[in-house]
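Results of the structural survey
Below are the chains, spelled out letter by letter.
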Amino acid sequence: MSQVSLSDIFSNYANGTGVFKDKDTLSADFTPENIPHREKQIKEIALMLAPVLRGEKPSNIFIYGKTGTGKSLCVKKVSSTLVVAAGAASKKVKIIYINCKMRRVADTEYRLLAQLMSSFGLTVPFTGLPTKTLYDQLYTTLESNGGSIILVLDEIDALLEKVGDGLLYNLTRINQEIKGAKITIVGISNKASFIDNLDPRIRSSLSEEEMIFPPYNANELKDILMERSKTAFNDGAVDYAVITKCAALAAQEHGDARKALDLLRVAAELAERESGHRVNERHVDIAEEKLDKDRIIEIIRAQPKHSKLVMVSILSLFKKGNKSMHTGEVYELYEKAAAQNGLKTLTQRRVSDLISELDVLGVIHASVISKGRYGRTRKINIQLSEKIVSLLSKTLAGEFPEAFINL
DNA sequence: AGTCCACAGGAAGGGCAGGCGA
DNA sequence: TCGCCTGCCCTTCCTGTGGACT
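Residues numbered from 1 in each chain as written. Chains lettered and ligands numbered in written order. Predicted model: local features only at pLDDT ≥ 70, side-chain atom pairs only at ≥ 80, totals over all residues.

1. Remarks on the overall build of chain A
Going by this rule: Every helix listed is a DSSP run of H or I at least four residues long, and every strand listed is a run of E at least two residues long, numbered separately from the N terminus. We call a residue exposed when 12 or fewer other C-beta atoms sit within 10 Å of its C-beta, buried when the count reaches 20 or more, and partly exposed for counts in between; the C-beta positions come from the backbone. Each residue gets a C-beta atom placed from its backbone, and two residues are in contact if those atoms lie within 7 Å.
Summing up its helical and strand segments, chain A has 18 helices and 8 strands in all. Burial status across chain A gives 35% buried among its 407 residues. Sequence-distant contacts in chain A: of pairs separated by 6 or more residues, those separated by 24 or more amount to 73%.

2. Some remarks on the sheet that holds strand β4 (residues 181-189)
Put simply, the test is: We treat two strands as partners when DSSP finds at least two bridges between them. To get an axis, fit a line to the C-alpha atoms, keeping to the stretch in contact for a helix; angles then go from 0 to 180 degrees between the N-to-C directions.
Across the sheet, 5 strands lie side by side as β2-β3-β4-β1-β5; this open sheet has parallel pairing. Strands at the two margins of the open sheet, each flanked by one partner only, are β2 (93-99) and β5 (209-213). On average, each strand axis in the sheet is inclined to that of its neighbour by 15 degrees, with strand direction left out of account. Taken together, the 5 bridges between strand β1 (residues 61-65) and β5 define a ladder with parallel strand orientation. Bridging across to β5, Tyr64 finds its partner in Ile212. The strands touched by helix α2 (residues 39-49) within the sheet are β1, β3 (147-154) and β5, with β5 carrying the most contacts at an inclination of about 165 degrees. Against the sheet, helix α5 (residues 131-145) contacts β3 and β4, and its axis sits at roughly 115 degrees relative to β4.

3. Considerations on the domain arrangement of chain A
To keep it simple, the criterion reads: These domain boundaries are the output of an automatic or database domain assignment. Ten residue types, Ala, Val, Leu, Ile, Met, Phe, Trp, Tyr, Cys and Pro, are classed as nonpolar, four, Asp, Glu, Lys and Arg, as charged, and the remainder, Gly among them, as polar.
We note that the domain assignment places domain 1 (3-20 + 217-298), domain 2 (39-213) and domain 3 (303-406) within chain A. Of the residues lining the interface, 6 residues belong to domain 1; the matching set on domain 2 comes to 5 residues. For the side of domain 1 that touches domain 2, the residue count by class is 1 nonpolar, 2 polar and 3 charged.

4. Quick word on the sheet that holds strand β8 (residues 376-381)
Taken together, 3 strands build an open sheet; the order of strands is β6-β8-β7 and the sheet is antiparallel. Unpaired on one side and paired on the other, β6 (324-326) and β7 (365-370) mark the two borders of the sheet. Neighbouring strand axes in the sheet, compared pairwise and without regard to direction, differ in orientation by 30 degrees on average. Bridge count for β7 against β8 is 6 bridges, and the pairing is antiparallel. Each residue of the ladder has a partner; that of Val368, found in β8, is Arg378. Taken strand by strand, helix α16 (residues 348-360) contacts β7 and β8, and its axis lies near 125 degrees from that of β7.

5. Concerning the confidence of the model for chain A
Heads up, the rule is: Known as pLDDT, the predictor's confidence for each residue is given on a scale from 0 to 100.
Chain-level statistics for chain A give a pLDDT mean of 85 and a share of 88% at 70 or above. By mean pLDDT, helix α1 (residues 3-15) is the weakest element of chain A at 62, and α2 is the strongest at 95.

6. Focus on the nonpolar core
Counted only if it meets this: Linking buried Ala, Val, Leu, Ile, Met, Phe, Trp, Tyr and Cys residues through C-beta atoms within 7 Å yields a set, and such a set is a nonpolar core.
One finds Ile63, Ile150, Leu151, Val152, Leu153 and Val186 to be the most contacted residues of the largest nonpolar core, which totals 44 residues. Residues in contact with Leu151, not counting those within four places in the same chain, are Ile96, Ile183, Thr184, Ile185 and Val186. Ala232, Phe233, Val238 and Ala267 belong to the second largest nonpolar core, which has 30 residues in total.

7. Let's talk about unusual backbone geometry
Within the chain, His37 stands out as a residue other than glycine whose phi angle is a positive 65 degrees. Its place among the elements puts His37 in the loop between α1 and α2. Even without a glycine there, the phi angle at Ser90 is positive, about 55 degrees. Checked against the element boundaries, Ser90 lands in the loop between α3 (71-88) and β2. Look at Ser90 and you get exposed, because 6 C-beta atoms sit within 10 Å.

8. Things to note about the environment of Glu56
Here Glu56 shows up in the loop between α2 and β1. Of the residues examined, Glu56 has 10 C-beta atoms within 10 Å and is grouped as exposed. Between the C-alpha atom of Glu56 and that of Val360, which follows or precedes it by 304 residues, the distance is 41 Å.

9. So, the packing of helix α14 (residues 305-319) against α16
Spelled out, the test is: What sets the label is the angle itself: under 35 degrees gives roughly parallel, over 145 gives roughly antiparallel, 65 to 115 gives roughly perpendicular, and the rest give oblique.
Where α14 meets α16, the closest approach of the two axes is 10 Å, and the angle between their N-to-C directions is 75 degrees. Considering their axes alone, α14 and α16 lie roughly perpendicular with respect to each other. Contacts between α14 and α16 pair His306, Ser307, Val310 and Met311 from the former with Val351, Leu354, Ile355, Glu357 and Leu358 from the latter.

10. Quick look at the environment of Lys91
Looking at the element boundaries, Lys91 is found in the loop between α3 and β2. A C-alpha to C-alpha distance of 6.3 Å links Lys91 and Leu53, two positions 38 residues apart in sequence.

11. Some words on the packing of α14 against helix α17 (residues 386-399)
The cut-off we apply is this: Crossing chirality is assigned from the near helix's rotation relative to the far helix, an anticlockwise turn below a right angle marking it left-handed and a clockwise turn marking it right-handed.
Interaxial distance between α14 and α17 falls to 10 Å at its minimum, and their mutual angle equals 130 degrees. The orientation of α14 with respect to α17, classified from their angle, is oblique. Of the two possible hands of crossing, α14 and α17 adopt the one that is left-handed. Contacts between α14 and α17 involve Lys308, Met311, Val312 and Leu315 from the first element and Val389, Leu392, Ser393, Leu396 and Glu399 from the second.

Here you go:
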């Protein structure tokens, strides 16, 4: 491509009136002025946290609802308003928001404590200190800081699955350990069942107040998209049918507003790249496939080598016409693939875990079945479109060409 | 009803890398 | 430098299990 046409592209982009007015407002992290269909929940959270304005400690709150139901958004909205109100009332209130699912940030007890410390401006080495030392430092910091602290632990279920409930026990007891500061925990979880598996003492302490965020239906999703579209797009850039389609597709997937927003954003990006000024339903179709594809490829790329080799084995069996396969078959092929790549093979026990991780990530579908006299195993299959399977094979073949030729 | 298979999956612990304080 | 702490990945050992077969 010549220099001239490149600069044409950029100048057209810079000067042109594209589809977007303010793309950021379509991001899942954006906190809009108005959150449709969550007025009741916002009011409830606000009333639960309001005691901090009188210097009292609010009850701990446990919130659950599926992905994209607006839990984090509502909590963020209430907390930001609360901080302003606290300032006006001359009350010391600090809100700490931690996403426990962020890998290598807050997904272990040590890292979560380190994150907490860093929100008070203290740096903690990413490993090395005994946990007790961290707790001691935290207590000292909390005491000297004083005031009310609201600790929002988003995706708390992910953390508890990894580290057990000892951490929560310690956190819920902080108020008995320190003087001068009051800490309130707001736990947000995607899984309602998570609370049932907790130690009863922790359960009663964590969920002094409980809230459920129901999934959005297609009409509610439509309202959300309409609301965001006002600020995100130029006038007339998005057809009403496009909004309806994004809402309908996301409603099929447990009413996930995040998915609806992603679909709309990607569809608009596609329209803009086609130098069009209008987004249509075709763009939404392409966007849906692109989102799916990107997600799967991204997940596989991020996997460690052995996990990728397990995936290579599953794909090979799938391509040989096996619609479903069992752990034993996959392990046999994995052993071959590992040997061909000069890697030491992992045990079947470990590979079994890798298979269930791939299942959790949504790349494969694996369910435990019994074949009676022929044992218990996992039945594994792939529920991805042909296009994605072939793209996935290409991606992995780039990394393990030998394995793909020889299996 | 009892046996047996092929694993699933829990528990315990080893080995390694990275960091701290003495 | 050494001992101790952490997280992480992995192995080993073990018990449990659903249902076809005897």
